[in-house]
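Architecture at a glance
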Amino acid sequence: GAQVGPADDAPDAGFDNGEAYLGAQSENGGILGMLDVMKSDFTRTTQETTAAEAAAVADFEDFMTESGKSLAVKTEAESAKKTQLDAADTEYAADQESMASQTMILKTAIKELIELQPVCIDTGMTYEERVARREGEIKALNKAVCVLERYQEYGPEGAADGC
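Helix and strand counts for the protein chain come out as 3 helices and 0 strands. Of the regular secondary structure in the protein chain, the N- to C-terminal order runs α-α-α. Across the 163 residues that make up the protein chain, the buried fraction comes to 3%.

All right, on to the confidence of the model for the protein chain then. Overall, the predicted model of the protein chain reaches an average pLDDT of 86, with 80% of residues at or above 70. Per-element averaging of pLDDT across the protein chain places helix H1 (residues 6-9) at the bottom with 66 and helix H2 (residues 30-120) at the top with 94.

Let's shift gears to the pattern of salt bridges. Oppositely charged side chains are able to pair whenever their charged atoms sit close together. Taken as a whole, this structure holds 5 salt bridges when the rule is applied. Where Arg44 meets Asp41, a salt bridge forms, and the shortest distance between an N and an O atom there is 3.2 Å. Here Asp41 and Arg44 lie together in helix H2, a separation of 3 residues that amounts to about one turn. Note on Arg44: relative accessible area 40%, which makes it partly exposed. You can call Asp41 partly exposed: its relative accessible area is 34%. In this structure, the salt-bridge partner of Arg133 is Glu137, at a minimum N-O distance of 3.8 Å.

Right, let's get into helix H3 (residues 127-154). Spanning 28 residues, H3 covers 40 Å between terminal C-alpha atoms, matching the ideal 40 Å at 1.5 Å per step. Gly155 sits one or two positions beyond H3 and adopts a positive phi of about 90 degrees.

Definitions and limits used
Residues numbered from 1 in each chain as written. Predicted model: local features only at pLDDT ≥ 70, side-chain atom pairs only at ≥ 80, totals over all residues. Heavy atoms only, no water. Helix = DSSP H or I, 4+ residues; strand = E, 2+ residues; numbered from the N terminus. Buried < 20%, exposed > 50% of the residue type's maximum accessible area, 1.4 Å probe, protein only. pLDDT = per-residue confidence, 0-100. Salt bridge = Lys/Arg side-chain N within 4 Å of Asp/Glu carboxyl O. Expected span 1.5 Å × (residues − 1).

Written as structure tokens, this is what we have:
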């Protein structure tokens, strides 16, 4: 056998010895074409990202503006409701004091009424006895008026005469 060298063992490269390899130049311009495609893809991606970031910034600013407005409205509403609550609490406290005062007055009046009830109603006298007593008081008052009128007209000597 003939001696086999390393060049004989190498696989076929598809071109002859000494011939320069120019690459697959027919497909999109080869390496330079691929780099152009990558460059255009990178440029397009950069432009899309820049546009998306600008839109996101605009959306964020709109959101913050709306949130600020909403917060201001809600803060004002909260302030108004706190003012109403404070006024209601103050009125409630005043009404509670007034009710306590009126309750004490009512309790005192009821106590006095209960104390006076036996004196006014349970006199131990019948209706006829009360009527007779009242008529007696009326006669005594009429006599006193008569005495005073005669005193005025006749002086101390004739005051009691004729009544």
